[in-house]
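Here are the chains, one letter per residue:
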Amino acid sequence: MKRPNGTGTVFKYKDGWFATPPGGNRKKFRTRKEALAYLESFDGSVSCSTISELWSTYLLTGYLDLSDAKQKHYQTVYERIEPVHNREISSLTIKDLQSLVAPYSEFYAQKDIRTVLSHLYEIAIAQQMVPYNLTKSMRLVKHEEKKGEA
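Residues numbered from 1 in each chain as written. Predicted model: local features only at pLDDT ≥ 70, side-chain atom pairs only at ≥ 80, totals over all residues. Heavy atoms only, no water.

Caption draft 1: Examining the pairing of strand β2 (residues 16-20) more closely. The element β2 is largely enclosed, with a buried count of four among its five residues. Of the strand pairs in this sheet, strand β1 (residues 9-13) and β2 are connected by five bridges, and their pairing is antiparallel. Bridge pairing in β2 links valine 10 to alanine 19. What sits between the antiparallel neighbours β1 and β2 is a turn of two residues. By the bridge criterion, three bridges tie β2 to strand β3 (residues 27-29) in an arrangement that is antiparallel. (Buried < 20%, exposed > 50% of the residue type's maximum accessible area, 1.4 Å probe, protein only. Helix = DSSP H or I, 4+ residues; strand = E, 2+ residues; numbered from the N terminus. Pairing = 2+ DSSP bridges.)

So this is what it looks like as structure tokens:
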């Protein structure tokens, strides 16, 4: 039996039947009927994580590649975005993100907030929680390079 596009797949491998729902992980079953029933019951939604849950994931992945000084700095930046810690990433709007950088008048303070949020968005995109990185639409204050005197 052929399944329509976007509804998942069922296939037999040497040690059993497997079902892969759209956007989900493969799961093993004893019979084909069980695998098909699982796909029929799958509602298609991917659970969306909060900012704090994504931060926990980041701490176990890309964060470990940073220097100690950068880790401390990102921890401070994470504390600055406390108003959205318990919000799901898919519920954030550009207005919410702009309100996080608004209290800071320095370019680099705003850029650091955007960078940390961007890392969290990349994790969410990889897990198919959001379709795109909203931080790319954030507006930061104008940055002017200061020229040193000779």
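Caption draft 2: Focus on the nonpolar core. Counting residues in hydrophobic clusters, the biggest one holds 28 residues, and the most contacted among them are Ile51, Trp55, Ile81, Ile89 and Leu97. Put simply, the parts of the chain that give this core at least two residues each are α2 (51-60), α3 (68-80), α4 (94-101) and α5 (107-126). Sort the elements by how many residues they give to this core and α5 lands first, with eight residues. The residues touching isoleucine 51, leaving out its near neighbours within four places in the chain, are Tyr78, Ile81, Val84, His85, Arg87, Ile89, Leu92 and Leu120. (Core = buried A, V, L, I, M, F, W, Y, C linked by side-chain atoms within 4.5 Å. Contact = heavy atoms within 4.5 Å.)

Caption draft 3: Summary view of α5. The end-to-end C-alpha distance of α5 is 28 Å, a good match for the 28 Å that 20 residues give at a rise of 1.5 Å each. Those residues of α5 that fall on the buried side of the exposure criterion are Phe107, Ala109, Gln110, Asp112, Ile113, Val116, Leu117, Leu120, Tyr121, Ile123 and Ala124. The inward-facing, buried residues of α5 contact α2, α3 and α4. Immediately beyond the C-terminal end of α5, within one or two residues, lies glutamine 128, with a positive phi of roughly 60°. (Expected span 1.5 Å × (residues − 1).)

Caption draft 4: Expanded view of the packing of aromatic side chains. Scanning the entire structure with this criterion turns up eight aromatic pairs. Arranged with centres 5.3 Å apart and planes meeting at 40°, the rings of phenylalanine 29 and tyrosine 38 form a pair that is tilted. With 4.4 Å between their ring centres and 5° between their planes, tryptophan 55 and tyrosine 78 make a pair best called stacked. Here tyrosine 78 lies in helix α3 and tryptophan 55 lies in helix α2, a separation of 23 residues in the sequence. According to the relative accessible area criterion, tryptophan 55 is buried, its value standing at 4%. Exposure remark for tyrosine 78: the relative accessible area of 8% places this residue in the buried category. An aromatic cluster of at least three residues, connected via ring pairs, comprises Trp55, Tyr58, Tyr63 and Tyr78. (Phe/Tyr/Trp six-rings, centres within 6.5 Å; stacked < 30°, edge-to-face > 60°.)

Caption draft 5: Fine view of helix α1 (residues 32-41). Within α1, burial applies to Ala35, Leu36, Tyr38 and Leu39. Angular distribution of buried residues about the axis of α1 spans 155°; they occupy a single face of the element. Within α1, the exposed residues directed more than 90 degrees away from the buried face are Lys33, Glu40 and Ser41. Among the structural elements, β1, β2 and β3 are those in contact with the buried residues of α1. (Arc of directions from axis to C-beta.)

Caption draft 6: Up close: the sheet that holds β2. Pairing in this open sheet of three strands is antiparallel, and the strands run β1-β2-β3 from one edge to the other. The open sheet has two free edges, formed respectively by β1 and β3, since each of these has just one partner strand. Strand-to-strand twist across the sheet, computed as the mean angle between neighbouring axes with direction ignored, equals 30°. (Axes fitted to C-alpha atoms, helices over the stretch in contact; angles between N-to-C directions.)

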